[in-house]
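Chain residues, written in single-letter form:
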Amino acid sequence: MSSSSRLRWGILGAARVNERLLPAIVAAPNAELVAIASRRPDAAAETLKKYAPSTPGVSFYPTLEALLEDERVEAVYLPMANDEHAEWALKALAAGKHVLIEKPMALTVEDINAIEAAAQAKNLKVMEGFMYRFHPQHQRVQEIVASGVLGDIRYAHASFSFMMRPARLYRLAKDTANGGGAMWDVGPYAIHTLRHCFGSEPIAVSAMAKYAESGADIATSGILDFGDGKRGHFDVSFECSRQSEYRIVGNKGSLICHTVWQLPGTSDVPLISWWTDDGQKHVETYAPSNHFNLEIAHFSDCVLNDKTPLLSLQDAKANCRTIVASLEAAASGRTVSIAGQ
């Protein structure tokens, strides 16, 4: 654990997601940014200048290995390419660093098992970066569901899409086996949300996809079977207008969380609407809340005070297992059982 009241962070890479996470580390009252590394010349310094120019005392490294050798760094944020997550998480853990890994944690459950073993061996914290779970609106959704006003939950639908811009075409450069495409990019959010809606794991999945020449999926839709006729529909795409919502349907009423994976500072307002068959109708709005900041503050608190992270490695394995099965279902055109659930 840290000997100070603030966890000292390093960032492994100058990826675009730093637009959100770097300022979050700087803003968190229990965190301090001390180092950034990038394999691209001058990219680390440029990233800080762009997103948090007045931050003092930050070291810049031209290699990722050099940052891991910095004894000031206690925890690292890992925003690299999907197929590099496991490799560099293991290197960071070997160097004695706690690790927050941008979703997906890894491309195979076997890799997550290795990460878990390495973390346990050195008593280090690891968490998958699902920032949305820290937004207070989702706690309210769970309160509504738990109240029973919607009845028995039978169906859920999670939709996450946006039109691909030229600057984001790198997301289609690799095939799905190597972490490319919509299912490994925005699919983890949709799958994670559906699992959270039901509070259980799916037992099978059927899916269909549209592919780019690289073998990456441009869009994928599927149905998760949660047993007893309960089903979750996911729809993720790089060729549709922006969708960022989930719907929960019970046998007495329904609910929509309209703005789920929104970017802080945009015009999107957190909004929940729900209604029942007996005539109740409700619309609840919430003040904007920066879920990236809340995520960083949470993980820092877990390290500083030896607490268990909200998102467990078992949760990461279940999400990965479901994504892999969904990709197999889309590629094969058949329903795939989700082993281990």
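As shown above, the structure is provided for reference.
All of these numbers come straight from a predicted model, not from anything done at the bench.

As a further point, take helix H2 (residues 43–51). Those residues of H2 not exposed but buried are Ala43, Ala44, Thr47 and Leu48. On an axial view of H2, the arc spanned by its buried residues comes to 140 degrees, and they lie on one face. Set apart from the buried face of H2 by more than 90 degrees, the exposed residues are Glu46, Lys49 and Lys50. In this structure, the buried side of H2 is in contact with helix H1 (18–27), strand S2 (31–37) and strand S3 (59–61).

This part takes up the pairing of strand S13 (residues 271–276). Bridge analysis of strand S12 (residues 253–257) against S13 gives five bridges, and the strand direction is antiparallel. Its bridge partner being in S13, Cys257 is matched across the sheet by Ile272. Across five bridges, S13 lies against strand S14 (residues 281–285) in antiparallel orientation. The residue of S14 that forms the bridge with Ile272 is Glu284. With antiparallel pairing between neighbouring strands as the criterion, S13 and S14 make up a hairpin whose turn holds four residues, including Gly279 at a positive phi of roughly 105 degrees.

So, on to the side chain of Glu116. Within the element layout of this structure, Glu116 appears in helix H5 (residues 109–122). Overall, the relative accessible area of 16% leaves Glu116 in the buried class. Among the polar contacts listed, one links the side chain of Glu116 to the side chain of Lys317, at a separation of 2.6 Å. When sequence neighbours within four positions are dropped, the list of residues in contact with Glu116 reads Leu313, Gln314 and Lys317.

A word on the nonpolar core. Core analysis: the biggest nonpolar cluster contains 104 residues, and Trp9, Phe234 and Ile296 have the highest contact counts within it. Per-element tally for this core: the top contributor is helix H10 (residues 313–332), with eight residues. If we skip the residues at most four places from it in the chain, Ile296 touches Trp9, Leu21, Ala24, Ile25, Ala28, Ala31 and Leu100.

So, about a positive patch on the surface. Where like charges cluster on the molecular surface, the positive patch consists of Arg16, Lys50, Arg165 and Arg242. Relative to the helices and strands, Lys50 resides in helix H2. Classification of Lys50 by relative accessible area gives exposed; the value is 63%.

The full count for this structure, using the stated rule, is 20 salt bridges. For Glu19, the salt bridge is made with Arg20, and the minimal N-O distance between the two is 3.4 Å.

Basis of the calculations
- As a convention, each chain's residues are numbered from 1 in the sequence order in which they are written.
- Restriction of local features to residues with pLDDT of at least 70 applies here, the model being predicted, together with a cutoff of 80 or more for giving and counting side-chain atom pairs; totals for whole chains, interfaces and linings are based on all residues.
- To get the side-chain values, take all heavy atoms of the structure and skip hydrogens and water.
- The cut-offs for exposure are 20% and 50% of the maximum accessible area for each residue type, with area from a 1.4 Å probe on protein chains only; residues under the lower value are buried, those over the upper are exposed, and the others partly exposed.
- Runs of H or I in DSSP of at least four residues are treated as helices and runs of E of at least two as strands, each being numbered from the N terminus.
- Comment: arc refers to directions from the helix axis out to C-beta atoms.
- It only takes one pair of heavy atoms within 4.5 Å for two residues to be counted as in contact.
- Paired strands, as defined in this entry, are two strands with at least two bridges between them according to DSSP.
- Pairs of N or O atoms are called polar contacts if they sit within 3.5 Å, as long as, within protein, a hydrogen donor faces a hydrogen acceptor (for residues adjacent in sequence, only side-chain-to-side-chain pairs).
- Residues belong to one nonpolar core when they are buried, are Ala, Val, Leu, Ile, Met, Phe, Trp, Tyr or Cys, and are joined through side-chain atoms within 4.5 Å.
- Each patch is assembled from residues with relative accessible area greater than 30% and no salt bridge, linking like charges that lie within 9 Å and nonpolar side chains (Val, Leu, Ile, Met, Phe, Trp, Tyr) that lie within 5 Å.
- Surface accessibility in these figures is a Shrake-Rupley result with a 1.4 Å probe; residues are shielded only by whichever protein chains are displayed.
- Think of a salt bridge as a Lys or Arg side-chain nitrogen and an Asp or Glu carboxyl oxygen that are within 4 Å of each other.
- Under the counting rule used here, the positive set is Lys and Arg, the negative set is Asp and Glu, and His together with the chain ends is not counted.
- By convention, the charge on Lys lies at NZ, on Arg at CZ, on Asp at CG and on Glu at CD.

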